[in-house]
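So the chains spell out like this:
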Amino acid sequence: MGEEAANPVIELRSVTTFSGGYQILKDVSVSFIEGATTAVLGSAGSGKSALLKTAAGLVVPDSGSVLFRGASLASFSEDEERYFRSRTSFVFQDSALWANQTILNNIALPLRVHRHWMGESEIAERIREVLARVGYDEGLALRPAELSAGEQKLVSIARALVLDPELVFLDEPASGLDEDAKERVQEVLDSLRDAGKSVLLVTNDMGWVHRVADRIVIIRDGRIAAAGLYDEVVASEVPETAGLVARLRARGARARNAPESPVTVVRPAREPSEGERSADNGADEERGS
Amino acid sequence: MKFRIKHADRIVGLFVLVAVGLLCAIVILLGANQRWFAKNYEFKSRFTSGTGIPPGTPILMRGFQIGKIKKITLTEENQVDVVFDIYDTYYPKVRQHSILELSVSPIGLGSQLLFHPGKGEEVLAEGSYIPAADTAEGQAVIEQELAEIPPRDDTVSRLIAGLNPLLENASRTLVTVNRTLTEVNRALAGQSTGPLGSIVGDVSKAASELPRAVAGASNLIEDVEGRTDALLTELQGILASVNEVSASLAKAAKEMEDPTGLVPKLLDPKGSLKTFLDDNNALYNKVLGMMGDVERSIRSLREIMGSLSSEMPKIASLLEEGKTTLQKTQDVLEGLANNPLLRKGIPERQEQQSLYRSIREGDFQ
Amino acid sequence: MIDSIGKAVRGKLDSFLYGLGFFVSVLRETGRFFRRRQVGYKVLVMQILFTGFEALRINAVMSLGIGAAIIVIGTSLLPQFGQSQLLYTILIIVITRELGPLLTAFVVIARSGTAIATELGTMVVSHEIEAYLSVGVNPISYLVVPRFLGMVASMLILTIYFNIFGLLGSFLVVQVVRPVGFQEYFRNLLTTLTVSDILSGLGKSVIFGAITSVVATYQGFSVTRASTEIPVAGIRAVGQSFMLCILADVVITLMQYV
């Protein structure tokens, strides 16, 4: 089954999720290593967004469990849950800014919830800091609807960074960004990795994967097709991942070295049943991300 | 819109405060109006029954509520102990010899608990015992006129006061008529030996009182509330008399219908009937006049009852019954007048409008 | 056939239990709302502004109209039966006990029930709810509780205003058409009105507010992902709120009179 890593920050054990009657994740077991930037790859509808949301505890699995540093999310007390939320953050594919709040309040809310001792001036100071980091330079009193999609994305990344989290989930952070903004977000990701933060990244941008990913998880039809270090996955010869791997290979070798760990290719433990097969097809149509 | 959002706190605060303020004002006004905060003085009394005096019953004095029943309990001796409150403004009215009286509405409109202040100088201390009017103490107070009991100026009492003599008269007349008829029957049976003249005298005396009563009754017609129970008792008495009359009449009629028994008797020159018949219809005219008076009095009653509305079909039917009997009496007497040999026979009577039905129909006008 | 009935019943039961669970968690979070000074305070104020203050005008017009109609009809019709005193009883039963809370609830449902359901539905579709979850904000305590409290408070306060406009304001309206003695009117009104009338009306308004807000938020959250579900959720929120409020009204009234 899955790779037995030394210190997974998030671990999924036999996770199955359903959405709208379709099975999205099928008995998924995978570990995300502490301090690494892991890219989750897969075609549209393969379940990568679902995997990310389940790992972040936003989707409760129908069966199986999700562990944060060895502790099941389902068994969290309220304080533990709050701690987990204060140490993690999530960047949504569609930004998901709160439409009826100003940009300031959108970014300030996590601080107000988790750093309630901070005064308003401190909060404003901190917000200016993170916005500068992502390169947002519009007003703070604006509402999300008044911003372009790219600006919204930057604000949502700033919101994710404002608590200085240890684990960041990013769902397609590059979408809707112009080249400049992309570059700055890449710099942010670089800085996160340099700071030893864990990053889980869902993206279709192979350039980003090539540049920032330490590890790769490839998901196909709701199952993990491959998971492991970048170089090893790229070097592997597994039919299910061939297309993606080929695109990564085309980018050539990377300058930096990968950390130690053997390649793991996760295959389905058994052949999918008839019902699951039909659900697969449905899931392909269903999931947009 | 912008203004509202900017001043949301202030607007909402005002919105809530005004509502709460107004609610408090209403509750305070309610309290003041319904005497939540005023002091009440507690007194005790004792009744034979708890009927009509449940807790909360208002205590009235000359139409004003001066207090209310607080608690009633059934004692070991099967008496009802009553604790009641008198409002502070009326406390000085609670003087020595005050009494309570439960006045039951005669037509089923509930009851009133009346307070009659005593004529004593001394204001009674809180917790004192105030007797009920129907107890020995209460009666003593009433007899010695120690309490201020207002004249019964309510229409009901006046009506009852007027009706009673009328009914008494009607009843007395009927008794006399009955006696006369009995005599007539006996005469018809050939048993009578006594002087008919004395009977006739009695009858005319009784009858003479009736018209006065009838005149008094007509004044009462406008007062439209009556004491059902009392009236019913009174009327039942009348009905009993009327029934006796009708029984005698039936006998007389039967006698007359039987010519075989009647004719020999009539032909007997020593029979008392001869005297009866030879007095130039004097007796008959007297009786007939009397019956007319009784009928008039019954008509007056009927008018009174008509205005008493549909609540009393029972009385109406009683009266109807009485009236029918009286009509029969008249018929028979007329038949007698046409005797000895049933000259014209007993006349067919035109059916009169039923009293009972006319009252019922009156409801829908 | 039997299977489908069984399935339908089970489905209904499940959704009923889920709704009940939702209601219980709303109540639990409401308890906490007062204990910790939450960021939801501002939402509460805005909710009272939108649901309560902004509905005041239509509420006032309605209660003035109904109150005035009752007074005009009552003063012309009732004396014919010798029952002039009944006017005050009818006014209080209609304005304070029965129609006041129910009509206020209808106005609030029509205005804010739909608004809440569609707003929350939109938030679900645009992943704003997930965004709240991701930063550790409980959507029930942050989104539902202020709306719940705001709606209950608004209903309560609107019902008070309905009474004031319906009982006192309508008196002034009637003065224009058919003058009624001020002293007489208010003394009779205050004698007939009891605290239990007021409490009954206010109690109903609290229950209606709770029903409406819970149904509206529940329906808002029931949207899953498509924006086409949002208006459907709004419609369901209104329909269900109406039904439940009327049912609750019947039950409460029966409890008081039977």
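Residues numbered from 1 in each chain as written. Chains lettered and ligands numbered in written order. Predicted model: local features only at pLDDT ≥ 70, side-chain atom pairs only at ≥ 80, totals over all residues. Heavy atoms only, no water.

A. Molecular detail of the overall build of chain C. Helix and strand counts for chain C stand at 9 helices and 0 strands. The order of α-helices and β-strands along chain C, N terminus first, is α-α-α-α-α-α-α-α-α. Taking all 258 residues of chain C together, the buried fraction comes to 52%. Counting only contacts in chain C whose residues sit at least 6 apart along the sequence, the fraction spanning at least 24 positions is 83%. Carbon and sulfur atoms provide 72% of the accessible area of chain C, an area that totals close to 11800 Å². (Helix = DSSP H or I, 4+ residues; strand = E, 2+ residues; numbered from the N terminus. Buried < 20%, exposed > 50% of the residue type's maximum accessible area, 1.4 Å probe, protein only. Contact = heavy atoms within 4.5 Å. Areas by Shrake-Rupley, 256 points an atom, 1.4 Å probe, with all protein chains shown as cover.)

B. Up close: the pattern of salt bridges. If you walk through the whole model with that rule in mind, you get 27 salt bridges over all chains. The salt bridge partner of Lys-182 of chain A is Asp-205 of chain A, with a shortest N-O separation of 3.5 Å. You can see Lys-182 of chain A sitting in helix 6 (residues 179-194) and its partner Asp-205 of chain A sitting in the loop between strand 8 (198-202) and helix 7 (206-212), a full 23 residues away along the chain. Of the charged contacts in the structure, one is a salt bridge between Arg-32 of chain C and Glu-29 of chain C, with a shortest N-O distance of 3.3 Å. (Salt bridge = Lys/Arg side-chain N within 4 Å of Asp/Glu carboxyl O.)

C. Looking closely at helix 5 (residues 149-161) of chain A. Taking 1.5 Å per residue, 13 residues should reach 18 Å; helix 5 of chain A reaches 18 Å between its end C-alpha atoms and fits that length. Helix 5 of chain A sits mainly inside the fold: 12 of its 13 residues count as buried. For helix 5 of chain A, the full list of buried residues reads Gly-150, Glu-151, Gln-152, Lys-153, Leu-154, Val-155, Ser-156, Ile-157, Ala-158, Arg-159, Ala-160 and Leu-161 of chain A. Where helix 5 of chain A is buried, its residues contact strand 6 (88-91), helix 3 (103-114), helix 4 (120-134), strand 7 (167-171) and helix 6 of chain A together with helix 5 (128-134) of chain C. (Expected span 1.5 Å × (residues − 1).)

D. Spotlight on the sheet that holds strand 1 (residues 8-19) of chain A. Residues and elements named next belong to chain A. Pairing within the open sheet is antiparallel, and its 4 strands lie in the order 2-1-4-5. A single partner strand is all that each edge strand has here, and the edge strands are strand 2 (22-33) and strand 5 (71-72). Examined bridge by bridge, strand 4 (residues 63-68) and strand 5 share 2 bridges and lie antiparallel to one another. Bridging from a neighbouring strand, Phe-68 pairs with Ala-71 of strand 5. Contacting strand 1, strand 2 and strand 4, helix 1 (residues 48-55) crosses the sheet at an angle of about 60 degrees to strand 2. (Pairing = 2+ DSSP bridges. Axes fitted to C-alpha atoms, helices over the stretch in contact; angles between N-to-C directions.)

E. Spatial organisation of the interface of chain B and chain C. Opposite the 21 residues of chain B that make contact, chain C presents 24 residues. Buried surface at the junction of chain B and chain C, both sides included, amounts to about 2000 Å², of which 80% is carbon and sulfur. Here chain B and chain C share 0 salt bridges between them. At the boundary of chain B with chain C, the tally comes to 4 residue pairs in polar contact (both at pLDDT 80 or more). Breaking the side of chain B that touches chain C down by element, the ones donating at least two residues are helix 1 (2-6) and helix 2 (8-33) of chain B. Here the side of chain B that touches chain C takes 16 residues from helix 2 of chain B, the largest share from any one element. Across the side of chain B that touches chain C, the residue classes break down as 17 nonpolar, 2 polar and 2 charged. (Buried area = accessible area lost by both parts, 1.4 Å probe. Polar contact = N/O pair within 3.5 Å; in protein donor to acceptor, adjacent residues only side chain to side chain. Nonpolar A, V, L, I, M, F, W, Y, C, P; charged D, E, K, R; others polar.)

F. Inspection of the pairing of strand 2 of chain A at higher detail. Residues and elements named next belong to chain A. Of all the 12 residues making up strand 2, 10 are buried; the element is thus mostly covered by neighbouring parts of the structure. By the bridge criterion, 8 bridges tie strand 1 to strand 2 in an arrangement that is antiparallel. Paired with Pro-8 across the strands is Ile-33, a residue of strand 2. As consecutive antiparallel partners, strand 1 and strand 2 are separated by 2 residues, and within that stretch Gly-20 has a phi angle of approximately 55 degrees, a positive value.

G. Structural context of the interface of chain A and chain C. With 25 residues of chain A in contact, the opposing surface of chain C contributes 18 residues. Interface area lost by chain A to chain C is led by Leu-58, Trp-98 and Leu-109 of chain A, which between them contribute 26%. Between chain A and chain C we count 2 salt bridges in total. Note that Glu-78 of chain A is salt-bridged to Arg-32 of chain C, the shortest N-O span being 2.9 Å. For the pair chain A and chain C, the number of links is 7 residue pairs in polar contact (both at pLDDT 80 or more). Among the elements that make up the side of chain A that touches chain C, the one with the highest residue count is helix 3 of chain A (5 residues). For the side of chain A that touches chain C, a count of residues per class yields 11 nonpolar, 6 polar and 8 charged.

H. Geometry of unusual backbone geometry. Unusually for a residue other than glycine, Arg-69 of chain A sits at a positive phi of about 50 degrees. Since its relative accessible area comes to 35%, Arg-69 of chain A is described here as partly exposed.

I. Quick look at the packing of aromatic side chains. Scanning the model with the defined rule gives 22 aromatic pairs over all chains in all. Where Trp-98 of chain A meets Tyr-132 of chain C, the ring centres are 4.3 Å apart and the plane angle is 15 degrees; that geometry is what we call stacked. Placement of Trp-98 of chain A in the loop between strand 6 and helix 3 and of Tyr-132 of chain C in helix 5 is noted, with the two residues assigned to different chains. In terms of burial, Trp-98 of chain A and Tyr-132 of chain C fall into one category: buried. Measuring from centroid to centroid gives 4.6 Å for Phe-182 of chain C and Phe-186 of chain C, while their planes differ by 50 degrees, and the two rings are tilted. Placement of the pair is Phe-182 of chain C and Phe-186 of chain C together in helix 7 (residues 182-192), with a separation of 4 residues, close to one helical turn. By relative accessible area, which is 18% here, Phe-186 of chain C ends up buried. Here the aromatic cluster, defined as three or more aromatic residues joined through ring pairs, consists of Tyr-88, Phe-171, Phe-182, Tyr-185 and Phe-186 of chain C. In this arrangement the basic side chain of Arg-159 of chain A is found over the ring face of Trp-98 of chain A, its NZ or CZ atom lying 4.4 Å from the centre. Here the basic side chain of Lys-39 of chain B rests over the ring of Tyr-41 of chain B, its NZ or CZ set 4.9 Å away from the ring centre. (Phe/Tyr/Trp six-rings, centres within 6.5 Å; stacked < 30°, edge-to-face > 60°. Lys NZ or Arg CZ within 6 Å of the ring centre and 35° of its normal.)

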